[in-house]
Amino acid sequence: MTKCPECDADIDMDEDEVEEGEIVSCGECDAELEVTQIHPVHLIAISDDDDEDEEEEDEEESIVEKEKVKEEDDEEEVE
Ligand SMILES: [Zn+2]
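Notes on the structure in this doc start here. (Residues numbered from 1 in each chain as written. Predicted model: local features only at pLDDT ≥ 70, side-chain atom pairs only at ≥ 80, totals over all residues. Heavy atoms only, no water.)

### Quick notes on the environment of Met 13
Just so we agree on the cut-off: Secondary structure follows DSSP: runs of H or I at least 4 residues long count as helices, runs of E at least 2 residues long count as strands, and numbering of each begins at the N terminus. Two residues qualify as a contact provided that any one of their heavy atoms is within 4.5 Å of a heavy atom in the partner residue.
Mapped onto the fold, Met 13 is located in the loop between β2 (10–11) and β3 (23–25). On a C-alpha basis, the gap between Met 13 and Lys 3 in space is 9.5 Å, while along the polypeptide they are 10 residues apart. Every residue in contact with Met 13, bar those within four places of it in the chain, is listed here: Thr 2, Val 18, Val 24, Val 41 and Leu 43.

Next comes the structure, spelled out in structure tokens:
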């Protein structure tokens with residue numbers, strides 16, 4: 001049984017039906033929870049007023065952009 005990190009309520013969740021990174025909400029306290037790990041399922045609470053979350057998202061986007069540029073460069077070299 002998975003527990004809500006915010007209110008400690010039991011969350012009835014089938015670990016075969018969730019994916020890492022999926023956002024679920026707690027039925028008890030309505031908190032948004034991110035699935036950080038499956039087998040076993042591990043949840044972290046997502047707080048809206050946490051600036052660090054936004055910075056993490058920006059960082060991930062930058063990495064994706066860099067990889068895109070790299071792929072384009074590789075294609076040009078082949079041609
Ligand atoms: Zn909860």
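### With respect to the coordination of the zinc ion
For a metal with four tetrahedral donors the ideal donor-metal-donor angle is 109.5 degrees, while six octahedral donors give ideal angles of 90 or 180 degrees. Here is the rule we go by: With water excluded from the atoms, a metal site may look incomplete; its donors are any N, O or S atoms within 2.8 Å, or within 3.2 Å for Na, K and Ca. For every residue, the accessible area obtained with a 1.4 Å probe (protein chains only) is divided by the maximum for its type, and the residue is called buried under 20%, exposed over 50%, and partly exposed between those limits.
The zinc ion binds to the protein through Cys 4 (SG), Cys 7 (SG), Cys 26 (SG) and Cys 29 (SG), with metal-donor distances spanning 2.3 Å. Mapping the donors of the zinc ion onto the primary sequence gives the spacing C-x2-C-x18-C-x2-C. Here the residue Cys 4 occupies a position in the loop between β1 (2–3) and β2, and Cys 29 occupies one in the loop between β3 and β4 (32–37), the gap between them amounting to 25 residues. Given a relative accessible area of 33%, Cys 29 falls into the partly exposed group.

### Quick word on the sheet that holds β4
As a reminder of what qualifies: In this description, strands pair whenever DSSP reports at least two bridges between them. Angles run from 0 to 180 degrees between N-to-C directions of axes, and those axes are lines fitted to C-alpha atoms, restricted for helices to the stretch in contact.
Sheet architecture is open: three strands sit in the order β3-β4-β5, paired in antiparallel fashion. Every interior strand has two partners, whereas the edge strands, β3 and β5 (42–46), have only one. Averaged over all neighbouring strand pairs, the angle between strand axes comes to 40°, with direction disregarded. Where β3 lies against β4, three bridges are found, and the strand directions are antiparallel. Each bridged residue has a counterpart across the sheet, and for Ser 25 the counterpart in β4 is Glu 32.

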